[in-house]
Amino acid sequence: MELIQETPDLSAYLAADEVIDHHHPLVRDTAARLAKDADNSYIYARLAFEFVRDTIPHSQDSGDLRVTWRASDVLEQRTGICYAKAHALTALLRAEDIPTALCYQTFDVVHGLVAVRFKGAWHRQDPRGNKPGVNAQFSLDSEQLAFLPDTAAGERDHPVLYAAPPPPVLSALRAAPDRPHLWNTLPTTL
(Lines give C-alpha, C1' and ligand atoms only; values in the text may rest on other atoms or scores of the structure.)
Protein backbone atom coordinates (compact mmCIF):
# COMPACT_ATOMS: atom_id res chain seq x y z
CA MET A 1 0.00 0.00 0.00
CA GLU A 2 1.25 3.45 -0.89
CA LEU A 3 1.05 5.85 2.04
CA ILE A 4 -0.21 9.34 1.15
CA GLN A 5 0.68 12.46 3.11
CA GLU A 6 -2.38 14.52 4.01
CA THR A 7 -0.22 17.57 3.40
CA PRO A 8 2.92 17.74 1.26
CA ASP A 9 4.60 19.99 3.86
CA LEU A 10 6.84 17.66 5.87
CA SER A 11 7.09 20.23 8.68
CA ALA A 12 3.44 19.48 9.52
CA TYR A 13 4.64 16.05 10.70
CA LEU A 14 6.97 17.73 13.20
CA ALA A 15 4.44 20.20 14.60
CA ALA A 16 3.15 20.43 18.15
CA ASP A 17 -0.49 21.10 18.98
CA GLU A 18 -2.94 20.52 21.82
CA VAL A 19 -2.86 16.74 21.29
CA ILE A 20 0.73 16.16 20.16
CA ASP A 21 2.10 18.46 22.85
CA HIS A 22 5.78 17.63 22.45
CA HIS A 23 6.83 20.92 24.07
CA HIS A 24 5.27 19.80 27.37
CA PRO A 25 7.93 19.28 30.08
CA LEU A 26 6.93 15.65 30.69
CA VAL A 27 7.22 14.82 27.00
CA ARG A 28 10.57 16.64 26.77
CA ASP A 29 11.91 14.92 29.91
CA THR A 30 10.80 11.49 28.70
CA ALA A 31 12.35 12.11 25.28
CA ALA A 32 15.62 13.26 26.88
CA ARG A 33 15.80 10.14 29.07
CA LEU A 34 15.22 7.87 26.07
CA ALA A 35 17.69 9.81 23.90
CA LYS A 36 20.51 9.24 26.42
CA ASP A 37 20.55 5.57 25.40
CA ALA A 38 20.39 6.19 21.65
CA ASP A 39 23.36 6.69 19.34
CA ASN A 40 21.17 7.79 16.42
CA SER A 41 17.61 8.68 15.51
CA TYR A 42 16.72 5.15 14.39
CA ILE A 43 17.71 3.70 17.78
CA TYR A 44 15.86 6.53 19.53
CA ALA A 45 12.72 5.80 17.48
CA ARG A 46 12.88 2.11 18.40
CA LEU A 47 13.40 2.93 22.09
CA ALA A 48 10.48 5.40 22.07
CA PHE A 49 8.27 2.83 20.34
CA GLU A 50 9.18 0.11 22.85
CA PHE A 51 8.67 2.54 25.75
CA VAL A 52 5.12 3.38 24.66
CA ARG A 53 4.27 -0.17 23.61
CA ASP A 54 5.64 -1.81 26.76
CA THR A 55 5.28 0.67 29.64
CA ILE A 56 1.92 2.29 28.89
CA PRO A 57 -0.75 -0.40 29.08
CA HIS A 58 -3.60 -0.37 26.60
CA SER A 59 -6.53 0.57 28.84
CA GLN A 60 -8.75 -2.21 27.46
CA ASP A 61 -6.11 -4.83 28.30
CA SER A 62 -5.47 -3.44 31.78
CA GLY A 63 -9.10 -2.68 32.63
CA ASP A 64 -8.30 1.00 33.24
CA LEU A 65 -11.45 3.10 32.86
CA ARG A 66 -9.66 6.42 32.28
CA VAL A 67 -9.66 8.01 28.83
CA THR A 68 -6.54 9.92 27.79
CA TRP A 69 -5.99 11.73 24.51
CA ARG A 70 -3.26 14.36 24.98
CA ALA A 71 0.27 12.92 24.67
CA SER A 72 1.46 14.39 27.98
CA ASP A 73 -1.60 12.96 29.78
CA VAL A 74 -0.92 9.50 28.32
CA LEU A 75 2.64 9.68 29.64
CA GLU A 76 1.54 11.01 33.03
CA GLN A 77 -1.36 8.62 33.61
CA ARG A 78 0.33 5.64 31.92
CA THR A 79 -2.81 4.48 30.14
CA GLY A 80 -4.56 4.86 26.81
CA ILE A 81 -6.22 3.12 23.93
CA CYS A 82 -4.49 2.79 20.55
CA TYR A 83 -5.18 6.42 19.54
CA ALA A 84 -3.79 7.82 22.77
CA LYS A 85 -0.72 5.63 22.63
CA ALA A 86 -0.16 6.75 19.03
CA HIS A 87 -0.40 10.38 20.19
CA ALA A 88 2.21 9.75 22.90
CA LEU A 89 4.61 8.04 20.50
CA THR A 90 4.13 10.77 17.90
CA ALA A 91 4.98 13.44 20.49
CA LEU A 92 8.10 11.58 21.66
CA LEU A 93 9.33 11.14 18.09
CA ARG A 94 8.58 14.72 17.04
CA ALA A 95 10.34 15.94 20.19
CA GLU A 96 13.50 14.53 18.63
CA ASP A 97 12.77 15.92 15.15
CA ILE A 98 11.61 12.65 13.61
CA PRO A 99 8.72 13.26 11.19
CA THR A 100 5.79 11.21 12.44
CA ALA A 101 2.25 10.80 11.12
CA LEU A 102 -0.91 9.32 12.53
CA CYS A 103 -2.46 6.59 10.43
CA TYR A 104 -5.34 4.18 10.77
CA GLN A 105 -6.87 0.82 9.96
CA THR A 106 -10.55 -0.10 10.01
CA PHE A 107 -11.79 -3.28 11.62
CA ASP A 108 -15.13 -3.13 13.49
CA VAL A 109 -13.85 0.29 14.56
CA VAL A 110 -10.96 2.51 13.51
CA HIS A 111 -7.57 1.47 14.96
CA GLY A 112 -4.73 3.99 15.39
CA LEU A 113 -1.05 3.61 14.47
CA VAL A 114 1.84 5.88 13.54
CA ALA A 115 4.19 6.16 10.59
CA VAL A 116 7.78 7.38 10.92
CA ARG A 117 9.82 8.83 8.11
CA PHE A 118 13.28 7.37 7.64
CA LYS A 119 15.43 7.08 4.52
CA GLY A 120 12.93 9.05 2.43
CA ALA A 121 9.98 6.75 3.13
CA TRP A 122 7.19 6.28 5.64
CA HIS A 123 7.13 3.16 7.83
CA ARG A 124 4.05 2.22 9.86
CA GLN A 125 4.43 1.14 13.49
CA ASP A 126 1.81 -0.01 16.00
CA PRO A 127 2.49 0.93 19.64
CA ARG A 128 -0.81 -0.60 20.83
CA GLY A 129 0.86 -3.06 23.18
CA ASN A 130 1.53 -6.75 22.84
CA LYS A 131 -0.50 -9.55 24.40
CA PRO A 132 -1.16 -13.17 23.45
CA GLY A 133 -1.82 -13.17 19.72
CA VAL A 134 -0.42 -9.64 19.23
CA ASN A 135 3.28 -9.15 18.51
CA ALA A 136 3.92 -5.67 17.11
CA GLN A 137 7.58 -4.80 16.56
CA PHE A 138 9.45 -1.69 15.41
CA SER A 139 10.81 -2.24 11.91
CA LEU A 140 11.78 -0.26 8.85
CA ASP A 141 12.23 -3.38 6.74
CA SER A 142 8.78 -4.98 6.92
CA GLU A 143 5.69 -4.11 8.88
CA GLN A 144 4.97 -6.08 12.01
CA LEU A 145 1.72 -4.49 13.16
CA ALA A 146 -0.65 -5.65 15.88
CA PHE A 147 -3.39 -6.54 13.39
CA LEU A 148 -3.72 -7.29 9.69
CA PRO A 149 -6.98 -6.33 7.98
CA ASP A 150 -9.12 -9.05 6.42
CA THR A 151 -10.15 -7.30 3.21
CA ALA A 152 -12.72 -10.00 2.44
CA ALA A 153 -14.49 -9.01 5.68
CA GLY A 154 -14.40 -5.31 4.78
CA GLU A 155 -11.42 -4.46 6.98
CA ARG A 156 -8.82 -2.15 5.50
CA ASP A 157 -5.70 -0.07 5.86
CA HIS A 158 -6.12 3.68 5.35
CA PRO A 159 -3.35 5.13 3.17
CA VAL A 160 -3.64 8.73 4.45
CA LEU A 161 -0.96 10.00 6.82
CA TYR A 162 -2.43 12.64 9.15
CA ALA A 163 -0.42 15.41 10.78
CA ALA A 164 -3.08 15.72 13.52
CA PRO A 165 -5.82 13.37 14.70
CA PRO A 166 -8.86 13.44 12.40
CA PRO A 167 -12.04 14.91 13.96
CA PRO A 168 -13.90 11.58 14.47
CA VAL A 169 -11.02 10.22 16.56
CA LEU A 170 -10.46 13.33 18.64
CA SER A 171 -14.17 13.96 19.17
CA ALA A 172 -14.74 10.44 20.49
CA LEU A 173 -11.81 10.70 22.90
CA ARG A 174 -12.72 14.15 24.20
CA ALA A 175 -16.41 13.32 24.72
CA ALA A 176 -15.86 10.09 26.62
CA PRO A 177 -16.17 10.28 30.41
CA ASP A 178 -14.77 6.75 30.68
CA ARG A 179 -13.55 3.85 28.53
CA PRO A 180 -16.88 1.92 28.50
CA HIS A 181 -18.57 5.03 27.06
CA LEU A 182 -15.71 5.46 24.60
CA TRP A 183 -16.04 1.83 23.49
CA ASN A 184 -19.64 2.55 22.46
CA THR A 185 -18.68 5.69 20.52
CA LEU A 186 -15.46 4.69 18.75
CA PRO A 187 -15.48 5.83 15.13
CA THR A 188 -16.14 3.22 12.48
CA THR A 189 -15.04 5.50 9.62
CA LEU A 190 -12.78 8.49 9.16
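Please refer to the structure higher up on the page.
Residues numbered from 1 in each chain as written. Predicted model: local features only at pLDDT ≥ 70, side-chain atom pairs only at ≥ 80, totals over all residues. Heavy atoms only, no water.

Caption draft 1: Broad picture of the nonpolar core. In terms of nonpolar packing, the biggest core is built from 49 residues, with Y44, Y83, L92, L93, L173 and L182 touching the most fellow members. Listing elements by their share of this core, those giving two or more residues are α1 (25–35), α2 (41–55), α4 (71–77), α5 (82–95), β2 (100–106), β3 (110–118) and α6 (167–175). Among the elements that take part in this core, α5 stands out by supplying ten residues, more than any other. Membership of the second largest hydrophobic core comes to eleven residues, among which are C103, A115, L145 and L161. (Core = buried A, V, L, I, M, F, W, Y, C linked by side-chain atoms within 4.5 Å. Buried < 20%, exposed > 50% of the residue type's maximum accessible area, 1.4 Å probe, protein only. Helix = DSSP H or I, 4+ residues; strand = E, 2+ residues; numbered from the N terminus.)

Caption draft 2: A look at the packing of α1 against α2. Orientation of α1 relative to α2, taken along the N-to-C sense of each, is 120°, at an axis distance of 9 Å. If you check the angle between α1 and α2, you find them oblique. You can see that α1 and α2 cross each other, and the crossing is right-handed. In this structure, α1 uses T30, A31, L34 and A35 to contact α2, whose residues at the interface are Y44, L47, A48 and F51. Considering only residue class, the contact of α1 with α2 consists of seven nonpolar, one polar and no charged. (Axes fitted to C-alpha atoms, helices over the stretch in contact; angles between N-to-C directions. Parallel < 35°, antiparallel > 145°, perpendicular 65-115°, else oblique. Left-handed = near helix turned anticlockwise from the far one by under 90°. Contact = heavy atoms within 4.5 Å. Nonpolar A, V, L, I, M, F, W, Y, C, P; charged D, E, K, R; others polar.)

Caption draft 3: Representation of the packing of α1 against α5. α5 packs onto α1 with a crossing angle of 65° between their chain directions and a minimal axis gap of 9 Å. As far as their axial angle goes, α5 and α1 are roughly perpendicular. Two packed elements cross with a definite hand, and for α1 against α5 that hand is right-handed. Across from V27, R28, T30, A31 and L34 in α1, the residues of α5 making contact are A91, L92 and A95. Among the residues making up the contact of α1 with α5, the classes are represented as six nonpolar, one polar and one charged.

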